[in-house]
2 protein chains.
Amino acid sequence: MHDILIEEKILSENDAIAEANRHAFNEKGVFVINMVSSPGAGKTTLIEKMTPVLLDKLGRFAVIEGDLEGDLDAVRIAKYGVPVKQITTGKACHLDAHNIAHVLSWTLDQDARLLIIENVGNMVCPAEYDLGEDMMVTILSAAEGDDKPLKYPAIFNASSALIISKTDLAPHTDFNISTARTNALSINPELQIFETSCRNGEGIKEWCKYLCSRVLALRGPVKTNR
Amino acid sequence: MHDILIEEKILSENDAIAEANRHAFNEKGVFVINMVSSPGAGKTTLIEKMTPVLLDKLGRFAVIEGDLEGDLDAVRIAKYGVPVKQITTGKACHLDAHNIAHVLSWTLDQDARLLIIENVGNMVCPAEYDLGEDMMVTILSAAEGDDKPLKYPAIFNASSALIISKTDLAPHTDFNISTARTNALSINPELQIFETSCRNGEGIKEWCKYLCSRVLALRGPVKTNR
């Protein structure tokens, strides 16, 4: 019981900082997504594939990479000339609002209309830690099993979009995309679902189009003097 | 700083309970493995494929399934006539020694020489929570990326065996098994590494042979009056 009270206190403090982050992002006109998934679902590769489309549609965007250790993912993103900040969490299995608050001024200085936060690979705890984002996006790889929405419901419930990644692997596994969709929608009927493959390009443009429409709807059209 | 002290206290309490679990298992002659991985690396399917080999070599074994919600995995294992206990953790992203202590008497009553604990799918927190096992085993799917040992070092460091699963998918991905081995051994040079595929059967017997040799070395030969 004592542990539960401690956890509630931590989450309540996190929520307050997340609200302040959200206010700051909103004031500056930055739309923020929080990408969550198991390790190895393909978050970084997806961002790489999204990059040319986003640069074309939005002019500029920024990335925050969350990892336990190292900067492998940040190095990959930086190669595209995209501004990227690495947060290493040490033993912490998720980013929290405090981590984001620490790099808030850097983020606001990037003159970006979109901030993509790639969370630590974990299908459990990130569901509970609001970072101040506008949209949480879960990535579920077709190599992981179509039962995952039923086994990790909190993260599917907290998300507004689901990207089924690595659809090119589906024919080589028992993963049934239709079953995955049904299971996900049984947890969260509001989920926008996209099927993507970074190997054959399936669905990347459709997902980017949806994302950019959300950015533009909330933040207004891109200025043409870029 | 306060949070770190709380975490140290929780881990120290966990370690004490884990030591008591280990003592009880040892007294009863039960060898215990703690299987950890990302969601969807194939832990349950691996146990299903191991079942006929283990029944043949050990006569009897038991399983504990750890999940946030539901009993999908326990139902799958029970179909083989293997005694299985489901632990649902709710929001907790890992099993802890206390969870295991709760089902200790059930476990000891199973007359099993081997207990397989399938942890919650998570590559971070289970590394810190000793359950009282003899051996932690990490499963890394060939669909997840060969860089994972570098990004989630704690769990590879805490394990004494690594099972690279879904090797049949490797030709369809950028996963390089040799690179995965090198990365894993750079974190933990003592790792015993096995390459397995539950689709084509690769490596299952070799892994079971190794596991049974560990069981027999610690617990003595199987009685023939089974």
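Refer to the structure printed above.
A quick note: this is a predicted structure, and the numbers were derived from the prediction, not measured. (Residues numbered from 1 in each chain as written. Chains lettered and ligands numbered in written order. Predicted model: local features only at pLDDT ≥ 70, side-chain atom pairs only at ≥ 80, totals over all residues. Heavy atoms only, no water.)

Visitor: Describe in detail the packing of helix α2 (residues 43-58) of chain B against helix α9 (residues 204-219) of chain B, supporting the description with residues and values.
Guide: Residue and element names in this part refer to chain B. Remark: α2 packs on α9, axes separated minimally by 10 Å, with the N-to-C direction vectors making an angle of 50°. By the criterion of interaxial angle, the relationship of α2 to α9 is oblique. The way α2 lies across α9 gives a crossing that is right-handed. Here Leu46, Lys49, Met50, Val53, Leu54, Lys57 and Leu58 of α2 come into contact with α9, specifically with Ile204, Trp207, Cys208, Lys209, Leu211, Cys212, Val215 and Leu216. (Axes fitted to C-alpha atoms, helices over the stretch in contact; angles between N-to-C directions. Helix = DSSP H or I, 4+ residues; strand = E, 2+ residues; numbered from the N terminus. Parallel < 35°, antiparallel > 145°, perpendicular 65-115°, else oblique. Left-handed = near helix turned anticlockwise from the far one by under 90°. Contact = heavy atoms within 4.5 Å.)

Visitor: Before we move on, can you summarise the pairing of strand β6 (residues 161-165) of chain A with the specific residues and values?
Guide: It is a general feature of regular strands that their side chains alternate between the two faces of the sheet. Residue and element names in this part refer to chain A. With five of five residues buried, β6 lies mostly within the body of the structure. Relative to β6, strand β5 (residues 135-141) runs parallel, the two sharing five bridges. Pairing of Ile139 across the sheet is with Ile163, part of β6. The pairing of β6 with strand β7 (residues 192-195) spans four bridges and is classified as parallel. When the sheet's bridge partners are listed, Ile163 is paired in β7 with Phe194. With helix α8 (residues 177-187) bridging β6 and its parallel neighbour β7, the resulting β-α-β unit is right-handed. (Buried < 20%, exposed > 50% of the residue type's maximum accessible area, 1.4 Å probe, protein only. Pairing = 2+ DSSP bridges. Right-handed = clockwise from strand over helix to strand, strands pointing away.)

Visitor: Describe α8(A), with residues and values.
Guide: Residue and element names in this part refer to chain A. For α8, the complete set of buried residues consists of Ile177, Ala180, Asn183 and Ala184. When α8 is viewed along its axis, its buried side chains cluster within an angular range of 125° and face the same direction. Among the exposed residues of α8, those pointing more than 90 degrees away from its buried face are Thr182 and Ser186. Looking at where α8 begins, the residue whose side-chain oxygen comes 2.9 Å from the main-chain nitrogen of Ser178 is Asn176. (Arc of directions from axis to C-beta. Polar contact = N/O pair within 3.5 Å; in protein donor to acceptor, adjacent residues only side chain to side chain.)

Visitor: Run through the sheet that holds β5(A), naming residues and quoting values.
Guide: All names here are of chain A. Judged by pairing direction, the sheet is parallel, and its seven strands sit side by side in the order β3-β2-β4-β1-β5-β6-β7 without closing on themselves. The sheet terminates laterally at β3 (84-88) and β7, the two strands that pair on one side only. Taken pair by pair, the neighbouring strands of this sheet meet at an average axis angle of 20°, ignoring direction. Both strand β2 (residues 61-67) and β3 contribute to a ladder of five bridges, which runs parallel. In the sheet register, Ile64 faces β3, and the bridge partner there is Lys85.

Visitor: Lay out the state of the cysteines in plain terms, naming residues and giving numbers.
Guide: Residue and element names in this part refer to chain A. Enumeration according to the criterion identifies zero disulfides over all chains in this entry. The thiol sulfur of Cys208 is not disulfide-bonded, and the nearest other cysteine sulfur, from Cys212, lies at 6.1 Å. The class of Cys208 is buried, set by a relative accessible area of 0%. (Disulfide = S-S within 2.5 Å.)

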